[in-house]
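Fold and contact review
Below are the chains, spelled out letter by letter.
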Amino acid sequence: MKKKHLVYFRLNIMSLFLIAVSFISVTLAWFAYSGLATVDTTVDVKAWHIELEKNGEKISNDIVILLSDIYPGMETKTELINIKNPGDSDAELKYNIVSARILGDNENNYIIDENLKSEYVEDILSHNFPFKVNISLSKNYILSKGEDSYFEISVSWPLDSGNDELDSLWGNKAYNYQLNENQKKINDPNYRIEPSIKIKISLTAEQYMGNGDSSDSNYNLGDELLIDFINNSRCSSISETCIKMYVIDINNTLADHSITLLPNPHRNYIESQYTNYLTKYTELTSDWQVNTRALLIDDLLKVISTDVTHSVLIRDGLSDAVIGNLKYPNRISTEINKIINTNGYYSFINSRFAYLSSADCYWTMSEYGNDKAFSLIKNSDLDSKIYGNMKSNTCKIIPIVTINKSNL
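**Brief notes about the overall build of the protein chain**
The secondary structure content of the protein chain amounts to 5 helices and 25 strands. In the protein chain, which comprises 408 residues, the share counted as buried stands at 50%. A sequence separation of at least 24 residues applies to 71% of the contacts in the protein chain between residues at least 6 apart. As presented, the protein chain carries roughly 19200 Å² of accessible surface, and 46% of it is formed by carbon and sulfur atoms.

Here is the structure:
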């Protein structure tokens, strides 16, 4: 492989810190802190305590991310905020990007308004630059005195993204920006050096209203249910027809009439070459009375991409890269094509998605080029991979189940 020439640099201000500002008074304690200030791999869990006690008023904190000391090849750094609710009211949680400024460039200065949506800017930050900023909220609600929710931010910059031109362009831009800022400081000792990247995020909590858009707290991602696929109902003890299934909806809402489930991958299923997939799938599900469909790569990616630190795409000769936010329209298709074109695969941590991992491979119905199809298998005790498997190989066939909530 030819030698690549990359621009290496470090931005000379604080590494990354989050500052809590401008909160609306209800009963709220926010722990202001300076995070990601060292290269220590230990991640401190910060705490946000909310108590909605005044007529369910909304509370909000703006989180300001100042990015510096970032460089190609840096280890992925994360900041984890632990959200607790010791109060007497359930709360709905959400976040929105308020603004983002990249290297003082007007073309990359984003201010959210009616014409520019937060989701669009979040997608840009995750995919359009060689450095990646990714955001994840574990649940869109937090019950009174219930389990915590987690808000996570990760920052990464792969050493080699596979696009030498883009790597060099942004390396030079960042280097020149810092030189200009330092020169301004020399010319004017009172000048305050501007951070290279500044992102403002609003994290809000308001009383859980239980309307159609509210998350259904009965069906969270990864929740285990016992389902009888013959009786099309919930069941109480495992049998030939009563099996474990796992919720794979990222955010099932009260307006959703059904839930999407992945049957336990550790069971015995029909095994087949991919070329006989449809025949064997029909044979497997012919007597199932629940609604079924084929498993797709999209189903798996939506789940594992919620981990913005450890779920990565791996390609020969290139740096591992965080998969990142895939929520924006058509983004999944773009990323799937990228992995196919570079003969790569996806990796995720077993402990985070134990309900996906299996020592035996199982197929998706999604093709990986002409000769391969996507399948999943445990790679080690630590991780599993979703990869292009030769269609002539043999793997399990596992359907996706959708069941009406009224049957549960």
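Continuing now.
**Remarks on the nonpolar core**
Within the largest apolar cluster, 40 residues are counted, with the highest numbers of intra-cluster contacts made by Leu262, Leu301, Ile304, Tyr346, Leu356, Phe374 and Ile386. Only helix H3 (277-285), helix H4 (297-304), helix H5 (331-341), strand E20 (345-349), strand E21 (362-368), strand E22 (372-378), strand E23 (383-390) and strand E24 (394-397) provide two or more residues apiece to this core. If one sorts the elements of this core by residue count, H4 sits on top with 5 residues. In contact with phenylalanine 374, not counting residues within four places along its chain, are Ile297, Ile336, Ile339, Ile340, Tyr346, Trp363, Thr364, Ser366, Glu367, Tyr368, Ile386 and Tyr387. One finds Ile63, Tyr71, Leu116 and Ile135 within the second-largest nonpolar core, a separate group that totals 38 residues.

**Points about the pattern of salt bridges**
Taken as a whole and judged by the stated rule, the model has 15 salt bridges. For aspartate 123, the salt bridge goes to arginine 331, with nearest N and O atoms at 2.9 Å. Separated by 208 residues along the polypeptide, aspartate 123 in helix H1 (residues 118-127) and arginine 331 in helix H5 bring together distant segments of the chain. What makes aspartate 123 buried here is its relative accessible area of 5%. As a salt-bridge pair, glutamate 335 and arginine 331 come within 3.4 Å of each other at their nearest N and O atoms. Remark: arginine 331 and glutamate 335 occur in helix H5; sequence separation between them is 4 residues, near one turn of the helix. For arginine 331, a relative accessible area of 14% corresponds to the buried category.

**A few points about the packing of aromatic side chains**
Following the criterion strictly, the structure yields 14 aromatic pairs and no others. Aromatic pair phenylalanine 129 and phenylalanine 131: ring centres 5.2 Å apart, planes at 5 degrees, arrangement stacked. Judged by its relative accessible area of 4%, phenylalanine 131 falls in the buried class. With 4.1 Å between their ring centres and 15 degrees between their planes, phenylalanine 229 and tryptophan 288 make a pair best called stacked. Linking phenylalanine 229 in the loop between strand E12 (224-228) and strand E13 (233-234) with tryptophan 288 in the loop between H3 and strand E17 (291-294), this pair joins segments that are 59 residues apart in sequence.

**Overview of the state of the cysteines**
Inspection of every chain in the model, using the stated rule, returns 2 disulfides. The partner cysteine of cysteine 235 in its disulfide is cysteine 242, sulfur to sulfur 1.9 Å. Where cysteine 235 bonds to cysteine 242 through sulfur, the torsion about that S-S bond is close to 95 degrees, and the disulfide is right-handed. The two residues cysteine 235 and cysteine 242 agree in class, both being buried. Each disulfide pairs two cysteine sulfurs, and for cysteine 361 the partner residue is cysteine 395, the sulfurs being separated by 2.0 Å.

**With respect to the sheet that holds E21**
The strands making up a sheet associate through backbone hydrogen bonding, with each pair oriented either parallel or antiparallel. Spatial strand order, E16-E24-E21-E22-E23-E20-E18-E19: 8 strands in an open sheet with mixed pairing. A single partner strand is all that each edge strand has here, and the edge strands are strand E16 (271-273) and strand E19 (321-322). As defined by bridge partners, E22 adjoins E23 across 7 bridges and the pair is classed as antiparallel. Among the inter-strand pairings, lysine 378 is bridged to a residue of E23, identified as serine 384.

**Points about the side chain of threonine 306**
Within the fold, threonine 306 resides in the loop between H4 and strand E18 (312-314). A distance of 2.6 Å separates a polar side-chain atom of threonine 306 from the backbone oxygen of valine 303. In contact with threonine 306, other than residues within four places in its own chain, are Ser136, Leu221, Ile250, Arg352 and Phe353.

Criteria and cut-off values
- Residues numbered from 1 in each chain as written.
- Predicted model: local features only at pLDDT ≥ 70, side-chain atom pairs only at ≥ 80, totals over all residues.
- Heavy atoms only, no water.
- Helix = DSSP H or I, 4+ residues; strand = E, 2+ residues; numbered from the N terminus.
- Buried < 20%, exposed > 50% of the residue type's maximum accessible area, 1.4 Å probe, protein only.
- Contact = heavy atoms within 4.5 Å.
- Areas by Shrake-Rupley, 256 points an atom, 1.4 Å probe, with all protein chains shown as cover.
- Core = buried A, V, L, I, M, F, W, Y, C linked by side-chain atoms within 4.5 Å.
- Salt bridge = Lys/Arg side-chain N within 4 Å of Asp/Glu carboxyl O.
- Phe/Tyr/Trp six-rings, centres within 6.5 Å; stacked < 30°, edge-to-face > 60°.
- Disulfide = S-S within 2.5 Å.
- Pairing = 2+ DSSP bridges.
- Polar contact = N/O pair within 3.5 Å; in protein donor to acceptor, adjacent residues only side chain to side chain.

Nothing here speaks to function; it is geometry throughout.
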